[in-house]
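Inside the fold
In case you want the letters, here they are:
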Amino acid sequence: MSEEPILVEERNGCTFIRLNRPSAANALSKEALLGLRKSCERIREDVTTRVVVLTSAGNKTFSAGADLKERREMSQEEAREAVTLIGEVMEEVASLPQPVIAAVNGSAFGGGLELALAADIRVFAKEGKYGLTETSLAIIPGAGGTQRLPRLIGIGKAKELIYSARRISGEEAFECGLCEQLVPLEGVEEAARVLATRIAKNGPVALRAAKSAMDEGFNETLTEGLAIESRAYARTLATKDRLEGLQAFKEKRQPKYSGE
């Protein structure tokens, strides 16, 4: 592996972003966070990227969260700035217009789990352990965990996990809705790749429109949500891809979408 903390690879419309600090449990150092932000900024404008897959090197720990060795050397103000940075980067991931899959190939704690929560879909390893463990360090999840976890698994379960700082198994994570797929460790990245490939075959404008409709409408009333959906649908009507989809259906063949 390269010494770069973030590696980016493109495969057939799928862009893989890999945390590449296995010797440091893929902890989110300042350098890694800035690299992740830079990658997101580029991918956001890349029309050839239809799906993003977040994963990591090492197949042991997806990410242990913030780099505590680095954090110990910081002043209180520097620590505050570091927390702000990690929160901003998580939002960069969450707000990507493309669908994002977290291929969590190993355990994920603190900011590492918050990174997975910023994705649209999560594939976890059966053998992994997962938790927002910050209260055991006398802090709280500060990169979206207190907000995204309750929205995903419900307020009561989220409070139980955050208050207790408990690490849960892959089975419990799947049962409570923390992940959408649970597979053996060695199959996590492949399962994410298969799903990403399937998604990437669909209309890219439609994928972005569907994501924005769901994300923007999630906390709105049904009436407002339906209006958001209607506006998102309208963005697909004038596309060449919509006509290609109809023609491919008529001709009983796979559509060839261009993103136009």
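Quantities reported herein were computed from a predicted structural model and do not represent experimental measurements.

The terminal C-alpha atoms of helix H9 (residues 204-217) lie 20 Å apart, and with 14 residues this matches the ideal 20 Å at 1.5 Å per residue to within 8%. Turning to H9, its buried residues number three or more, namely Pro204, Leu207, Ala209, Lys211, Ser212, Ala213 and Gly217. Check the buried side of H9 and you find it contacts helix H3 (76-94), strand S5 (100-104), helix H8 (188-200), helix H10 (222-237) and helix H11 (240-251).

This brings us to a nonpolar patch on the surface. Together, Leu68, Leu137 and Ile139 make up a nonpolar patch on the protein surface, roughly 270 Å² of accessible area in all. Locating Ile139 in the fold gives a position in the loop between strand S8 (129-131) and helix H5 (145-153).

In this section: the sheet that holds S8. Taking strand neighbours across the sheet as the criterion, the 4 strands line up as S4-S6-S8-S9 in an open arrangement whose pairing is mixed. Two strands lie at the open edges of the sheet, namely strand S4 (61-63) and strand S9 (168-169), each paired on one side alone. Alignment of S8 against S9, held across 2 bridges, turns out to be antiparallel. Within S9, the position partnered with Tyr130 by the bridge is Ile168.

Moving on to the side chain of Thr236. The topology assignment puts Thr236 in helix H10. With a relative accessible area of 16%, Thr236 lands in the buried category. For Thr236, the side chain forms a polar contact with the main-chain oxygen of Tyr233, separated by 2.7 Å.

Here the focus is the pattern of salt bridges. Here the structure, examined in full by the defined rule, presents 21 salt bridges. With a shortest N-O distance of 3.7 Å, Arg11 and Glu189 are connected by a salt bridge. Here the residue Arg11 occupies a position in strand S1 (residues 6-11), and Glu189 occupies one in helix H8, the gap between them amounting to 178 residues. Since its relative accessible area comes to 27%, Arg11 is described here as partly exposed. In this structure, Glu92 and Arg44 form a salt bridge, with 3.2 Å as the shortest nitrogen-oxygen distance. Of the two residues, Glu92 is situated in helix H3 and Arg44 in helix H1 (residues 30-44); the sequence distance between them amounts to 48 residues. Linked by salt bridges that have partners in common, Glu9, Arg11, Arg18 and Glu189 make up one network.

An α-helical segment advances 3.6 residues per turn. Residues three or four places apart therefore align on the same side. The complete set of buried residues in H5 reads Gly145, Arg148, Leu149, Pro150 and Ile153. Where the residues of H5 are buried, they touch H3, helix H4 (111-117) and helix H6 (155-164). Downstream of H5 by one or two residues, Gly154 has phi in the positive range, about 100 degrees.

Orientation of H1 relative to H3, taken along the N-to-C sense of each, is 25 degrees, at an axis distance of 9 Å. Here H3 runs roughly parallel to H1, going by the angle between their axes. Here H1 and H3 pass one another in a crossing that is left-handed. Seen from H1, the contacting residues are Lys30, Leu33, Leu34, Leu36, Arg37, Cys40, Glu41 and Arg44; seen from H3, they are Leu85, Ile86, Glu88, Val89, Glu92 and Val93.

Rules used in this analysis
- Residues numbered from 1 in each chain as written.
- Predicted model: local features only at pLDDT ≥ 70, side-chain atom pairs only at ≥ 80, totals over all residues.
- Heavy atoms only, no water.
- Helix = DSSP H or I, 4+ residues; strand = E, 2+ residues; numbered from the N terminus.
- Expected span 1.5 Å × (residues − 1).
- Buried < 20%, exposed > 50% of the residue type's maximum accessible area, 1.4 Å probe, protein only.
- Contact = heavy atoms within 4.5 Å.
- Patch = residues over 30% accessible without salt bridge, like charges linked within 9 Å, V, L, I, M, F, W, Y side chains within 5 Å.
- Areas by Shrake-Rupley, 256 points an atom, 1.4 Å probe, with all protein chains shown as cover.
- Salt bridge = Lys/Arg side-chain N within 4 Å of Asp/Glu carboxyl O.
- Pairing = 2+ DSSP bridges.
- Polar contact = N/O pair within 3.5 Å; in protein donor to acceptor, adjacent residues only side chain to side chain.
- Axes fitted to C-alpha atoms, helices over the stretch in contact; angles between N-to-C directions.
- Parallel < 35°, antiparallel > 145°, perpendicular 65-115°, else oblique.
- Left-handed = near helix turned anticlockwise from the far one by under 90°.

So far we have only geometry, and geometry alone does not tell us how the molecule works.
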